[in-house]
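Below, each chain spelled out in residue letters.
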Amino acid sequence: MQSTATLAMSEPNATAVLLVVFGLLLAFSVLFTRTLDRLGVPVVLLFLVLGMLGGSEGIGGLVFDNYELAFRLGTVALVLILFDGGLNTSLASIKRSAGPSGLLATVGVAGTAGVMALIARGLGLSWSEALLIGAIVSSTDAAAVFAVLRGGSLRVKEKVRSTLEVESCVNDPMAVILTVAVVEFVRLSNAGGTASGSGGHVWQLLLDVPVQLLMGTLVGLAVGWVARWLLARTQFSTGGLYPVVTLASAFVAFGAATLVFGSGFLAVFVVGVVLGSGPLPYRTGLTRVHDAIAWMSQVSMFLMLGLLVFPSRLIPVAWVGLTLGLGLALLARPLVVALCLLPFRWKAREIGYVSWVGIRGAVPIILATFPVMAHLPDGERIFHIVFFVVVISALVPGASIVPLTRRLGLDEPETPTPAAALEMHSLRPMGGEIHSYHIQQTVAACHAPISQIRFPDGAAAILVVRGDRVMAARGSTVLAPGDHVYVFCRPGDEPQIGLLFGRPTGT
Amino acid sequence: MRMLQLVSESAIVPRLKASQRDEVIIELVDALVSSGAAPAKLRDELVKSVLERERRGSTGFGRGVAVPHVKHKSVKTMAAAIGLSERGVDFNSLDKQPVFSVFLLLSPEDRPEEHLQAMEVIFKNLSKDTFRRFLRQAASVEEVKTLLEEADNQLLAG
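Residues numbered from 1 in each chain as written. Chains lettered and ligands numbered in written order. Predicted model: local features only at pLDDT ≥ 70, side-chain atom pairs only at ≥ 80, totals over all residues. Heavy atoms only, no water.

## Brief notes about helix H8 (residues 172-190) of chain A
The terminal C-alpha atoms of H8 of chain A, which comprises 19 residues, lie 27 Å apart, in line with the 27 Å expected from a rise of 1.5 Å per residue. For H8 of chain A, every residue scored as buried is listed here: Asp172, Pro173, Met174, Ala175, Ile177, Leu178, Thr179, Ala181, Val182, Val183 and Val186 of chain A. (Helix = DSSP H or I, 4+ residues; strand = E, 2+ residues; numbered from the N terminus. Expected span 1.5 Å × (residues − 1). Buried < 20%, exposed > 50% of the residue type's maximum accessible area, 1.4 Å probe, protein only.)

Okay, structure coming up:
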């Protein structure tokens with residue numbers, strides 16, 4: 001243990017310095033995201049590295065080795081990220097990917113944990129260490145997967161994308177359950193527990209998984225419906241209060257589900273889906289706020305986890321960590337994914353892609369604080385090994401994702417974002433919406449003056465964005481390829497407009 | 001604009017052989033080629049353009065019908081093909097239901113107004129429950145032609 005050189009300052013200066021350093025770290029993190037996005041490296045890695053630089057062994061000098069606080073803050077951040085993920089995941093894509101992602105999130109997680117434990121044991125770690133590491137790194141990470149599949153310039157085909165996303169959101173409970181069970185098991189056996197006691201434990205574990213999943217889903221649905229009802233019934237004096245209500249629902253869902261032996265993470269995701277797929281007042285504003293909160297959580301959480309790492313303690317575990325990281329990416333994940341997806345008769349390249357994009361992230365690092373908090377011997381060593389595995393598993397596949405997606409033909413044609421966007425903000429659902437259409441050479445409306453386009457009675461084109469110019473949608477305006485056209489219409493009019501303009505942007 | 005002018009007799013396929021979207025489109029483009037509406041050497045290019053348009057959003061706008069379409073510079077006059085499928089085709093429609101009646105529209109590139117007019121006529125008729133029902137029930141080229149004529153003369157209700 002190193003003696004920490006604390007900042008010998010009194011308040012308010014201590015807080016002031018803390019905020020300056022943390023603020024600068026946040027700002028730097030965001031500034032670098034563009035560069036990294038181009039390289040294809042998951043941006044979350046950058047936050048981790050910056051966190052390490054800001055830490056006590058780096059240039060920032062921030063001392064942070066409170067694993068319990070890290071666990072708490074990390075959990076809150078994950079709740080916020082998963083909620084945003086749920087808000088942006090449509091019911092339809094969950095239904096489509098329920099089979100494969102459900103299997104990956106349960107059997108797949110257990111399988112990965114098993115294979116990883118075997119690899120770790122093969123590397124000479126003790127059984128307890130091997131089992132712990134296996135359980136901890138067994139789930140993919142929603143934050144990292146979303147960042148890679150949605151954050152950058154890439155748009156991955158719906159089938160693989162929704163499977164990966166839904167998997168990453170619902171597989172955390174399984175990893176949490178496994179980790180808690182193994183920590184308990186190791187603690188008992190260290191305390192001289194008998195084999196019969198651990199045998200009973202395995203049965204309890206098998207029962208625990210369905211209970212966690214069921215209770216998590218039920219609490220999520222209940223809280224989601226109540227929140228939806230509340231939002232529809234109540235009118236708040238200002239738009240700023242709506243995100244407060246949705247945030248509250250996320251927190252309540254996590255807490256209530258955990259208290260009744262359900263999976264809190266799953267409950268939060270379900271609440272997000274329930275709210276996101278129903279009528280939501282002030283939708284644009286709400287989703288924007290949650291998007292910002294999720295990014296903020298993401299940046300802060302990885303910075304914090306970076307702060308928690310002591311680079312000097314990474315060096316002794318470098319070889320083991322590197323081998324395990326590669327073993328996960330090249331052996332454990334592909335093997336398990338191939339077996340899990342076998343019944344669904346996917347194409348080989350799709351299976352390969354899902355195997356490769358099994359990015360680990362914050363969840364394993366947060367789970368790795370469990371052994372430390374349980375005062376297991378080598379808890380900190382395991383924490384640092386896990387950290388290494390996460391970095392390798394994010395770096396190796398992460399850096400290759402953009403070229404790989406294109407190579408396998410799994411990317412979708414990308415719709416460039418218009419230079420200006422037009423949105424309708426309403427506190428209540430209104431009888432009409434604004435959709436934007438990106439005009440392609442192949443659609444019927446292309447090259448036609450707007451006056452020639454017969455819109456349904458309640459609909460009209462209102463704005464055209466061409467390059468850096470915005471133009472009023474006049475009758476004489478001729479639509480050109482590349483234009484973004486904003487059309488106001490009523491819900492029933494979409495089929496007719498879609499026939500002439502193509503699919504609305506963002507659907 | 002009358003539908004009977006758009007759809008030539010040899011481009012009506014009352015029983016589509018294909019059961020997949022892409023093959024249905026190929027079958028209908030072939031029907032247009034054999035009716036003389038498009039030169040044979042354009043076939044592959046037209047199929048590719050129609051599919052490209054489908055990727056930008058399905059033209060299956062719901063209730064069992066789809067209107068795939070394409071504009072091309074080497075096409076001189078507008079023409080449409082009609083294909084009927086008994087089993088239904090997955091067109092990735094807005095309502096996720098199978099498609100039983102397909103109108104494939106082919107237009108010259110330089111007259112987008114005409115293309116839009118034809119789309120409107122087809123859409124208007126396909127929006128009528130009676131037209132859709134009779135079209136799906138039609139078993140021969142003659143029956144389809146009679147139906148188009150009745151629709152052109154506005155004899156159909158709904």
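## Observations concerning the packing of aromatic side chains
All names here are of chain A. Here the structure, examined in full by the defined rule, presents 7 aromatic pairs over all chains. Taking 5.3 Å as the distance between ring centres and 65 degrees as the angle between the ring planes, the aromatic pair formed by Phe71 and Phe370 counts as edge-to-face. Within this pair, whereas Phe71 is found in helix H3 (residues 67-87), its partner Phe370 is found in helix H17 (residues 369-373), the two being separated by 299 residues in sequence. For Phe71, a relative accessible area of 25% gives the class partly exposed. The class for Phe370 is buried, based on a relative accessible area of 16%. (Phe/Tyr/Trp six-rings, centres within 6.5 Å; stacked < 30°, edge-to-face > 60°.)

## Some thoughts on the pattern of salt bridges
Residues and elements named next belong to chain B. For the structure shown, the criterion picks out 19 salt bridges over all chains. The shortest N-O distance in the salt bridge between Arg21 and Asp22 comes to 3.0 Å. A relative accessible area of 21% places Arg21 in the partly exposed class. Residue Asp22 is classed as partly exposed on the basis of its relative accessible area of 30%. Among the ionic pairs, Arg43 bridges to Asp44, the shortest N-O distance being 3.0 Å. Owing to a relative accessible area of 27%, Arg43 belongs among the partly exposed residues under this scheme. A relative accessible area of 53% places Asp44 in the exposed class. (Salt bridge = Lys/Arg side-chain N within 4 Å of Asp/Glu carboxyl O.)

## As for the confidence of the model for chain B
Model confidence for chain B is summarised by a mean pLDDT of 90, while 99% of its residues fall at 70 or above. Across the interfaces of the predicted complex, the ipTM metric reaches 0.90, alongside a pTM of 0.73. (pLDDT = per-residue confidence, 0-100.)

## A look at the interface of chain A and chain B
Listed as interface residues are 21 residues of chain A and, on the opposing side, 20 residues of chain B. Taken together, both faces of the contact between chain A and chain B bury some 2,000 Å²; the carbon and sulfur share is 60%. Put simply, chain A and chain B have 1 salt bridge between them. For Arg454 of chain A, the salt bridge goes to Glu120 of chain B, with nearest N and O atoms at 3.2 Å. Counting across the chain A and chain B interface gives 8 residue pairs in polar contact (both at pLDDT 80 or more). (Contact = heavy atoms within 4.5 Å. Buried area = accessible area lost by both parts, 1.4 Å probe. Polar contact = N/O pair within 3.5 Å; in protein donor to acceptor, adjacent residues only side chain to side chain.)

## With respect to the sheet that holds strand S1 (residues 433-438) of chain A
Residue and element names in this part refer to chain A. Ordered by their spatial adjacency, 4 strands build an open sheet running S1-S4-S2-S3, and the pairing between neighbours is antiparallel. Among the strands making up the open sheet, the edge pair consists of S1 and strand S3 (469-472). Strand-to-strand twist across the sheet, computed as the mean angle between neighbouring axes with direction ignored, equals 25 degrees. Both strand S2 (residues 460-466) and strand S4 (residues 484-489) contribute to a ladder of 5 bridges, which runs antiparallel. Paired with Val464 across the two strands is Val485, which belongs to S4. Along the sheet, helix H19 (residues 494-501) contacts S1 and S4; its crossing angle with S1, the most-contacted strand, is approximately 20 degrees. (Pairing = 2+ DSSP bridges. Axes fitted to C-alpha atoms, helices over the stretch in contact; angles between N-to-C directions.)

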